[in-house]
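Take a look at the letters that make up each chain.
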Amino acid sequence: MIQVRNLVKAYGDFVAVKDISFDVEEGEIFAFLGPNGAGKTTTIKILTTLLKPTSGSVRLDGLDPSVQHNEARKRFGIVFQDPSLDDELTAYENMDFHGVLYKVPRKLRLERIESLLKLFELWDRRNDPVKQFSGGMKRRLEIARGLLHTPKIVFLDEPTLGLDPQTRNQLWKHVKKLNEEERVTVFMTTHYMEEADRVAHRIAIIDHGKIVAQGTSQQLKEQTGAETLEQAFLSLTGSTIRDEDATSTDQMRNMARMFRGNRR
Amino acid sequence: MSAIYILWLRQVKRYVRSKPRIIASLGQPLLFLIALGFGFGPIFQKAGQGNYIQFLAPGVIAMTILFTAIFSGIELIWDRQFGFLKETLVAPVPRILVMIGRTLGGATVAMIQGVIVVAICFAAGFRVTNFHALPVAILIMILVAIMFTALGTAIASVLSDFQGFQLIMNFLVMPIFFLSGALFPLTNLPKVLNVIASIDPLSYGVDGLRSALIGVAHFGIPLDLLVLSVIAAALLGAGSYLFSRIQL
C-alpha cells in the first residue's frame, strides 16, 4: 500500500531524511517511531504531498504523491501532529467542509458524518463551535474527519499527544476496530512505546534521518535483547536528549496563548 | 465549483460570527468621517471645494474595503499557524481553486464592510448624486475588494508568521491609503506626489467611486475600470502562483 525507496529530503545543508526505504502492506498498522527531530514528520509530509522529496521514490497505492497529487490525496486521510480544525466552525461544519472538499456525494456525506460523529461520541455536540471542545474531543473530531472520505490509508502523526489515558485507550480502540473491520491501512507515529507495542503490527525506528531497525515488536526486542519495546528503542537510538529549536509556529502559539489568557 | 463555494462560505461564516471584529473594524472609518470630515469641512468649504463629507465619503468607503480585504487575505497566516491550512492543502482540490475560493470569500467580507460604511456615510450626511451610476460604483467596490484580498493572500503566502506584518502595514497598506487621493483632491499636487498617486492602484478605486457616486472625476471611469481590472487580474495571478508554492 505504501512503498518508499531511497527517500531523501534535504533543506539546504541539513539532511532531514537520509535514504530511507520501507513498505507498508495493505491492512497493516505500521508504527514509525523515533526521537524528536528524527525525520518522522518530514516523512509524513512527503507521503501526504505537503513536501516534495529531494530524491527517491514514493508510492501510495501505486500513485506518486509528488506528481499525481489529487489522485493520491483521495486515497489517504490524515490526523496531523498539531490541530487543524477551524475553531470558529461547529463540529458538523468542519466535517461538512471536509466532505465537500473531498467530493463525497451529499447523501453519503450526511450519512457518514452522522455515523462517524456517533462512533466518536460527538453527535450530541455537533452544533457547538470547536473552540468549546476539550483537547480529546478535538482529536476525536479530527480522526472522524480524516475517515469521512473512506480513505484506504490513514496517517496518524502523534495522535495521542497530550491526551489522558482514558481518551488514548478509547482512540486506539477505534483505530484497531477500523483497521479490522474496514481493512484501513494505518501509518502512525507516537512517543508512547506501549501504544506502538499494543497496536502496531510492524514497527520501524528512525533516528537522525535513517531507519535503524524495522520488524515486529517481538523481533525488535529479540534483536536488542530487551524486555520491553521502550528498552529496545533506547538501545537503538541512545539515551541522549534531542532538543529541537522552537519554530516560529511555537513562538506564535505561545504568544496567542498569552493573549487568550489560557482560555483553552 | 463546490470547493470554491465551501471555501467562500467558510470565510463568510467566520466573519458573520465574529461580532467584535465587525464592530471594531467600523471604528476607524467612523473616526475618519468625524475627525476629518467635520474637522476639515469648514477649511475645504472656504477653499472653494464644496462639501468635504461628500468628497471624503468615497475615500472612506475605499479605505474600509482596502483594510478589510488586506486583513482577509492575511488571515491565511492564522490558518497556517493554527493548522487549518494543512487541511485544505492535503485535500484533492487544485490549489488555484483554494486560492480563488478564499479570495472571493475575503472580497465578499470586504464588500459587506464597505456597504455598512456606505450606510454610516449616509447617516453622516453623504448624499449620492448619480443614482444611475450605482452599478458602476458596486463594480468598482468589487474590483477593489478582489484586488486587495489577492494582494493580502500573496503577501501571506510568503510570510510564515506575523513578524513582517507591521512592516507591511506601515510601508505598504498605509501609504496605499494615504497617497491615494482618498483624503485630498489629486489636482495641483507637487509633482512627486502626483506621480506616486498615479501609480497607487487605490487612487483609481477612489476616483472611480467618486465619479460614480458624486460625479467628480480625476482619471475618469473608463481608465479607472481598466486599471483596476488589469491590476486585480495581475494580483490574482501572482497570489495564485505564490499560494501554489506554499510548502509546510
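Residues numbered from 1 in each chain as written. Chains lettered and ligands numbered in written order. Predicted model: local features only at pLDDT ≥ 70, side-chain atom pairs only at ≥ 80, totals over all residues.

What follows deals with the environment of Ala-16 of chain A. All names here are of chain A. Residue placement: Ala-16 occurs in strand E2 (residues 14-24). On a C-alpha basis, the gap between Ala-16 and Leu-47 in space is 14 Å, while along the polypeptide they are 31 residues apart. The contacts of Ala-16, once residues within four sequence positions are left out, are Lys-9, Tyr-11, Gly-39, Thr-42 and Gly-209. (Helix = DSSP H or I, 4+ residues; strand = E, 2+ residues; numbered from the N terminus. Contact = placed C-beta atoms within 7 Å.)

Another aspect to go through is the sheet that holds strand E3 (residues 29-33) of chain A. Strand-to-strand pairing in sheets goes through backbone hydrogen bonds, with the strands running parallel or antiparallel. Residue and element names in this part refer to chain A. On the basis of which strands lie adjacent, the open sheet formed by six strands has the order E5-E6-E7-E3-E8-E9 and mixed pairing. If you trace the sheet from one side to the other, it starts and ends with strand E5 (76-79) and strand E9 (210-215), each paired once. Averaged over all pairs of adjacent strands, the angle between strand axes in this sheet comes to 15°, irrespective of strand direction. Across four bridges, the pairing between E5 and strand E6 (residues 153-157) is parallel. In the strand pairing of E6, Phe-76 is matched with Ile-153. (Pairing = 2+ DSSP bridges. Axes fitted to C-alpha atoms, helices over the stretch in contact; angles between N-to-C directions.)

Quick look at the confidence of the model for chain A now. In this model, chain A carries a mean pLDDT of 88, and residues with pLDDT of at least 70 account for 92%. Ranking the elements of chain A by mean pLDDT puts helix H10 (residues 248-260) of chain A last, at 62, and helix H3 (residues 91-101) of chain A first, at 96. (pLDDT = per-residue confidence, 0-100.)

Our next topic: the packing of helix H6 (residues 134-158) of chain B against helix H9 (residues 201-214) of chain B. A pair of packed helices is captured by two measures, namely the crossing angle of their axes and the spacing between those axes. Residues and elements named next belong to chain B. Interaxial distance between H6 and H9 falls to 8 Å at its minimum, and their mutual angle equals 165°. One way to sum up the angle between H6 and H9 is to call them roughly antiparallel. Between H6 and H9 lies a crossing of left-handed hand. Every residue of H9 that contacts H6 at Val-136, Ala-137, Ile-140, Val-144 and Met-147 is listed here: Pro-201, Gly-205, Gly-208, Leu-209, Ala-212 and Leu-213. Among the residues forming the contact of H6 with H9, the class breakdown is nine nonpolar, two polar and no charged. (Parallel < 35°, antiparallel > 145°, perpendicular 65-115°, else oblique. Left-handed = near helix turned anticlockwise from the far one by under 90°. Nonpolar A, V, L, I, M, F, W, Y, C, P; charged D, E, K, R; others polar.)

Among the nonpolar cores identified, the biggest contains 146 residues, and Ala-144 and Phe-155 of chain A together with Ala-62, Leu-66, Val-144, Ala-145 and Met-147 of chain B are the most heavily contacted of them. Counting residues per element, this core draws most heavily on helix H3 (residues 52-81) of chain B, which supplies 18 residues. With residues up to four places along the chain from it excluded, the contact list for Val-144 of chain B reads Ala-62, Ile-65, Leu-66, Gly-205 and Leu-228 of chain B. (Core = buried A, V, L, I, M, F, W, Y, C linked by C-beta atoms within 7 Å. Buried ≥ 20, exposed ≤ 12 C-beta atoms within 10 Å, placed from the backbone.)

For the rest of this paragraph, the subject is the interface of chain A and chain B. If you look at the interface, chain A gives 24 residues, while chain B gives 24 residues. Those elements that place two or more of their residues in the side of chain A that touches chain B are helix H2 (69-75), H3 and H10 of chain A.

What follows concerns helix H9 (residues 229-237) of chain A. Residues and elements named next belong to chain A. Listing the buried residues of H9 in full gives Leu-229, Ala-232 and Phe-233. Looking down the long axis of H9, one finds its buried residues gathered within 100° of arc, a one-sided arrangement. Close packing links the buried residues of H9 with E3, helix H7 (193-199), strand E8 (202-207) and helix H8 (217-224). The first or second residue beyond H9 is Gly-238, which carries a positive phi of 80°. (Arc of directions from axis to C-beta.)

All names here are of chain A. What the three strands build is an open sheet, ordered E2-E1-E4; its pairing is antiparallel. The strands lining the two open edges of the sheet, one partner per strand, are E2 and strand E4 (55-60). Geometrically, the sheet is characterised by an average inter-axis angle of 20° between neighbouring strands, direction not taken into account. Across seven bridges, strand E1 (residues 2-11) lies against E2 in antiparallel orientation. Considered in E2, the bridge of Val-4 is made with Phe-22.

Moving on to helix H2 (residues 19-46) of chain B. All names here are of chain B. With 28 residues, H2 extends 41 Å between its outermost C-alpha atoms, agreeing within 8% with the 40 Å of an ideal straight helix rising 1.5 Å per residue. At Phe-40, H2 shows its maximal bend, which comes to roughly 45°, and the proline Pro-42 appears one to four places after that position. Buried within H2 we find Ser-25, Pro-29, Phe-32, Leu-33, Gly-37 and Phe-44. The inward-facing, buried residues of H2 abut H3 and helix H5 (95-123). (Expected span 1.5 Å × (residues − 1). Bend = angle between axes of the 7 residues up to and from the residue.)

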